[in-house]
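Survey of secondary and tertiary structure
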Amino acid sequence: MGFKITFLGTGGGRHTTMYQARSTGGMLMEHPGGTIHVDPGPSALVQMRKIHYDPARTSSVIVSHAHPDHYSDAECVLEGMTCGGWKKRGCLYGSPTVIDGEGGLGPCVSRYHQSIVSGTRVFRPGDVLDIDGLRTEVCRAEHSDPTNVGFRFHTDAGVVSYVSDTSFSPEIAVQYRGSRVLILPVTTPWDLRIHYHLCTEDAAKFMSVVKPELTVMIHFGIVMIKRGPETEAALAEERTGLRAVAARDLMTLDLGNEVVFGDAMTYNDDWVPPSSI
Ligand SMILES: [Zn+2]
Ligand SMILES: [Zn+2]
């Protein structure tokens, strides 16, 4: 029971990604029906190796949109999920650009890699997915990949929402009302708004609309990292009176009656082959 998130990466945007100023490997979400790998960008594989996580344990992969900080390790993650392509299992969920390609973006996963999994599903806003028994609502976003979306995961411990890359508007934010935990990509600091992304001021507005128990900030751009995500989270807390935390790479969040934070870091050089191979 319960719901556990491991933040493989907390970086986002071009410069953070190209220099790996923070990792960009997405999130692992463990729930009673399986484990979802959400947005496996660059370093997903390296981060899983650091914590001795066997990608064969993954049961579903979600790629929200066709930007490399969200998809570039996806094919290798799918090979991991299918034990090297030998065992047809698991499902890939993606936006139209990710699965089929559209408007010059994508496809981000080859036909071959789409064929090694048990199923491939294209999602659009308004869809309700059953991901290994986890009811998941697909929400609208406003992003430079126009097919991007966000998600509301209905867990045993309440609604956990992952708002993928988007600009702020009250109409976007209101979709996430009722969330217990709001995972927000906050790419830039308070006074540095860029198109199609959230700055800390936008994050504070978003939080004021949704009023979650906890907001977790991720997807930090290079200026945000220099400025200090913790300072920015404290600023958002101060302005809204709502709890906000800046995630760290390999941070874990266990959601039961309480929210328990931890650290998944177990790295050592003695790699041991996982039992799945
Ligand atoms: Zn991004
Ligand atoms: Zn993006």
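The structure under discussion appears in the preceding block.
Once that is clear, we can look at the overall build of the chain. Helices and strands together make up the secondary structure of the chain, namely ten helices and 16 strands. The C-alpha radius of gyration computed for the chain amounts to 17 Å, which stays within 12% of the reference 19 Å derived for 277 residues, consistent with globular compactness. Considering only C-alpha atoms, the chain reaches an extent of 50 × 45 × 40 Å along its principal axes. Out of the 277 residues belonging to the chain, those deemed buried represent 52%. Considering only intrachain contacts with a sequence separation of at least 6, the fraction spanning at least 24 residues in the chain is 59%.

Moving on to the packing of helix H8 (residues 200-210) against helix H10 (residues 229-240). Their axes nearest at 9 Å, the elements H8 and H10 cross at an angle of 40°. Comparing the axis directions of H8 and H10 gives the class oblique. Of the two possible hands of crossing, H8 and H10 adopt the one that is right-handed. Contacts from Thr200, Ala203, Ala204, Met207 and Ser208 in H8 reach Glu232, Leu235, Ala236, Arg239 and Thr240 in H10. Grouping the constituent residues of the contact of H8 with H10 by class yields five nonpolar, three polar and two charged.

Looking along the chain, the bond that leaves glycine 106 and enters proline 107 is cis, with omega of 0°. Position of proline 107 relative to the elements: it lies in the loop between helix H5 (96-99) and helix H6 (111-115). For cysteine 83, which is not a glycine, the phi torsion comes out positive at approximately 55°. Among the secondary structure elements, cysteine 83 is positioned in the loop between helix H4 (74-81) and strand E5 (91-94). Cysteine 83 gets classed as partly exposed once you count the C-beta atoms within 10 Å, which come to 17. Of note in this structure, tyrosine 196 is not a glycine but carries a positive phi near 70°. Among the structural elements, tyrosine 196 can be located in the loop between strand E11 (179-188) and strand E12 (198-199).

This part covers the sheet that holds strand E6 (residues 119-122). Strand order across the open sheet formed by eight strands is E6-E5-E4-E3-E2-E1-E15-E16, with mixed pairing between neighbours. Each edge of the open sheet is held by one strand with a lone partner, namely E6 and strand E16 (259-263). Adjacent strand axes in the sheet meet at a mean angle of 15°, parallel and antiparallel pairs treated alike. Where strand E1 (residues 3-7) and strand E15 (residues 251-255) come together, four bridges link them in antiparallel fashion. The partner of phenylalanine 3 across the bridge, within E15, is leucine 255.

Turning next to the nonpolar core. Formed by 74 residues in total, the largest nonpolar core has its most connected members in Leu78, Leu184, Ala203 and Met217. With near-sequence residues (within four places) excluded, leucine 78 lies in contact with Val61, Leu92, Val109, His113, Ile116 and Val117.

What counts and how
- Residues numbered from 1 in each chain as written.
- Chains lettered and ligands numbered in written order.
- Predicted model: local features only at pLDDT ≥ 70, side-chain atom pairs only at ≥ 80, totals over all residues.
- Helix = DSSP H or I, 4+ residues; strand = E, 2+ residues; numbered from the N terminus.
- Rg over C-alpha atoms; globule rule 2.2 N^0.38 Å.
- Buried ≥ 20, exposed ≤ 12 C-beta atoms within 10 Å, placed from the backbone.
- Contact = placed C-beta atoms within 7 Å.
- Axes fitted to C-alpha atoms, helices over the stretch in contact; angles between N-to-C directions.
- Parallel < 35°, antiparallel > 145°, perpendicular 65-115°, else oblique.
- Left-handed = near helix turned anticlockwise from the far one by under 90°.
- Nonpolar A, V, L, I, M, F, W, Y, C, P; charged D, E, K, R; others polar.
- Pairing = 2+ DSSP bridges.
- Core = buried A, V, L, I, M, F, W, Y, C linked by C-beta atoms within 7 Å.

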